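Descriptive analysis of the structure
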Amino acid sequence: MPPTRLFIPGPTEVRPEVLRQLTRPMIGHRSAEFSQLFQRLQPRLQRLFQTRDRVYISTSSGTGLWEAAVRNCVRSRCLNLVNGAFGERWRRVAMANGKQSVAVEAEWGQAIRPEHVGEVLEREAVDAVALVHNETSTGVLNPLEEIAEVVRRFPEALLLVDAVSSLGGADIPVDDLGIDVCLTSSQKALALPPGLALASVSDRALARAQEVENRGYYFDFLVFEEYLARNQTPTTPPISLLYALDYQLDRILAEGLTARFRRHQAMAQIVCNWAEERGFELFAEQGHRSPTVTVVRNTQGIDVHALQAHLKGCGMAIADGYGPFKGSTFRIAHMGDLTPAEVEEVLAATDDFLRR
Ligand code: PLP
């Protein structure tokens, strides 16, 4: 049986040639061979993140770097921008790490309004602003450029961006926007297996870490920095995943970032058009729709579980709605290395189901 093709918002499909990298023999993580591998990764990670900042490699999923970002960059209080499940959870993580949090909220399906961020920053002193760029629960792509412009007016506030389901699928010019921490996970638009998280960290963020207490150890930026200087990670890294990252970075950069973003946009457009032509509505407001995941309102009242079972029989998977929106929405992801032709296939199979 061929593996199920995943149109779910992570983990995404990993191409067989990338998967094969996982079977390469181990090397010691304090060996010269490892340092060469690590050193080779840095410049290409910087190209991927469009930054001159260092990019840390963390043996964790993205959630670990949520903790890292708040533990290192927030002295006492942060502003969390919340318009979906992941924004809400990052806020919970900040508070679980002993930080105070104020929030700017928008209804699920709506984008964060930059002017609301400005209003709160005018009256509240915060150490950082935490934004989920692409809300995987709702399919909303928040207006990063406009929000970054607002945050830049408040020099004490660092900008922390969760690009877990957007980096590699949407344009995020980290340096141009002045993002202090941009974090992502391997299992989304980078089309790698889960288990790695990556973050670009600015000099400003590193200077902040020096004055913040209780940073812990595993996610302490200063420890990451110390080992980066030796082309090493502080703890034993998942070497197999780094082989895959090494290989996949070449594939991503060979495609070209602009071409990759265009491919994601094209896939999103195909899914949006398909949904609207069949009388479904889209959950995310117009003008703020994600290039990596489309959330469809189940306005036709279809049995989403029966659709998923039908697709499974065709060797494909899509996702149910998130949390409270299970059944009333469904999610079709189009991220990573998927192609428009593969997206057309899952939609054709969905059409077969709708005609039954
Ligand atoms: N942020 C966003 C936007 C996500 O979609 C997810 C997971 O789906 C996370 C954070 C959590 O990432 P991880 O599962 O890699 O810890």
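Thresholds, definitions, all that
- Residues numbered from 1 in each chain as written.
- Predicted model: local features only at pLDDT ≥ 70, side-chain atom pairs only at ≥ 80, totals over all residues.
- Heavy atoms only, no water.
- Core = buried A, V, L, I, M, F, W, Y, C linked by side-chain atoms within 4.5 Å.
- Buried < 20%, exposed > 50% of the residue type's maximum accessible area, 1.4 Å probe, protein only.
- Helix = DSSP H or I, 4+ residues; strand = E, 2+ residues; numbered from the N terminus.
- Contact = heavy atoms within 4.5 Å.
- Expected span 1.5 Å × (residues − 1).
- Bend = angle between axes of the 7 residues up to and from the residue.
- Phe/Tyr/Trp six-rings, centres within 6.5 Å; stacked < 30°, edge-to-face > 60°.
- Axes fitted to C-alpha atoms, helices over the stretch in contact; angles between N-to-C directions.
- Parallel < 35°, antiparallel > 145°, perpendicular 65-115°, else oblique.
- Nonpolar A, V, L, I, M, F, W, Y, C, P; charged D, E, K, R; others polar.
- Pairing = 2+ DSSP bridges.

Observations regarding the nonpolar core
Of all hydrophobic cores here, the largest spans 85 residues; its most connected members are Leu 79, Trp 90, Val 181 and Phe 221. The biggest single contributor to this core is helix H10 (residues 239–255), with nine residues. The contacts of Trp 90, once residues within four sequence positions are left out, are Trp 66, Ala 69, Val 70, Asn 80, Ala 130, Leu 131, Val 132, Leu 160, Val 161, Asp 162 and Leu 183. Membership of the second largest hydrophobic core comes to 24 residues, among which are Ile 270, Cys 272, Phe 330 and Leu 338.

Here we look at helix H2 (residues 32–49)
With 18 residues, H2 ought to run about 26 Å at 1.5 Å a step, and its terminal C-alpha atoms sit 26 Å apart, in line with that. Largest kink in H2: about 25 degrees, centred on Gln 42, with the proline Pro 43 one to four residues after it. Every buried residue of H2 is accounted for by Phe 34, Ser 35, Leu 37, Phe 38, Leu 41, Gln 42, Arg 44, Leu 45, Leu 48 and Phe 49. Phi for Gln 50, located one or two positions after H2, is positive at around 55 degrees.

With respect to the packing of aromatic side chains
Counted under the stated rule, the structure contains ten aromatic pairs. Aromatic side chains Phe 34 and Phe 38 sit 6.2 Å apart centroid to centroid with 45 degrees between the ring planes, which places their arrangement in the tilted category. One end of the pair, Phe 34, and the other, Phe 38, are both in helix H2, four residues apart, so they sit about a helical turn from each other. With respect to class, Phe 34 is no different from Phe 38; both count as buried. Centroid distance Phe 280 to Phe 330: 5.6 Å. Interplanar angle 90 degrees. Geometry classified as edge-to-face.

A word on the packing of H10 against helix H11 (residues 257–277)
In the contact formed by H10 and H11, the axes pass within 5 Å of each other and the chain directions differ by 85 degrees. One finds that H10 runs roughly perpendicular with respect to H11. On H11, the residues that touch Gln 248, Ile 252, Leu 253 and Glu 255 of H10 are Leu 257, Ala 259, Arg 260 and Arg 263. In terms of residue class, the contact of H10 with H11 is built from four nonpolar, one polar and three charged.

Brief notes about the sheet that holds strand E2 (residues 54–58)
Across the sheet, which stays open at both edges, the seven strands sit in the order E2-E10-E9-E8-E5-E3-E4 with mixed pairing between neighbours. Across the chains shown, the open sheet's two edge strands, defined by having one partner strand only, are E2 and strand E4 (100–105). Averaged over neighbouring strand pairs, the angle between their axes works out to 20 degrees when direction is ignored. The sheet contact formed by E2 and strand E10 (residues 197–201) spans five bridges and is antiparallel. Note that in E10 the partner of Ser 58 across the bridge is Ala 197. Of the strands in this sheet, E2, strand E5 (128–132), strand E8 (158–162), strand E9 (181–185) and E10 are in contact with helix H3 (residues 62–73), which crosses E9 at around 165 degrees. Each of strand E3 (77–82), E4 and E5 is contacted by helix H5 (residues 114–123), which is oriented at about 160 degrees to E3, the strand it contacts most.

Let's talk about the sheet that holds strand E1 (residues 5–7)
Strand order across the open sheet formed by five strands is E1-E13-E14-E12-E11, with mixed pairing between neighbours. The sheet is open, and its two borders are formed by E1 and strand E11 (281–282), each paired with just one other strand. Of the strand pairs in this sheet, E11 and strand E12 (residues 293–297) are connected by two bridges, and their pairing is antiparallel. Bridge assignment links Glu 281 to a residue of E12, and that residue is Arg 297. Packing of H11 onto the sheet brings it into contact with E11, E12 and strand E14 (329–333), and relative to E12 it is tilted by some 10 degrees. Across the sheet, helix H12 (residues 304–313) is in contact with strand E13 (316–320) and E14; its angle to E13 comes to roughly 160 degrees.

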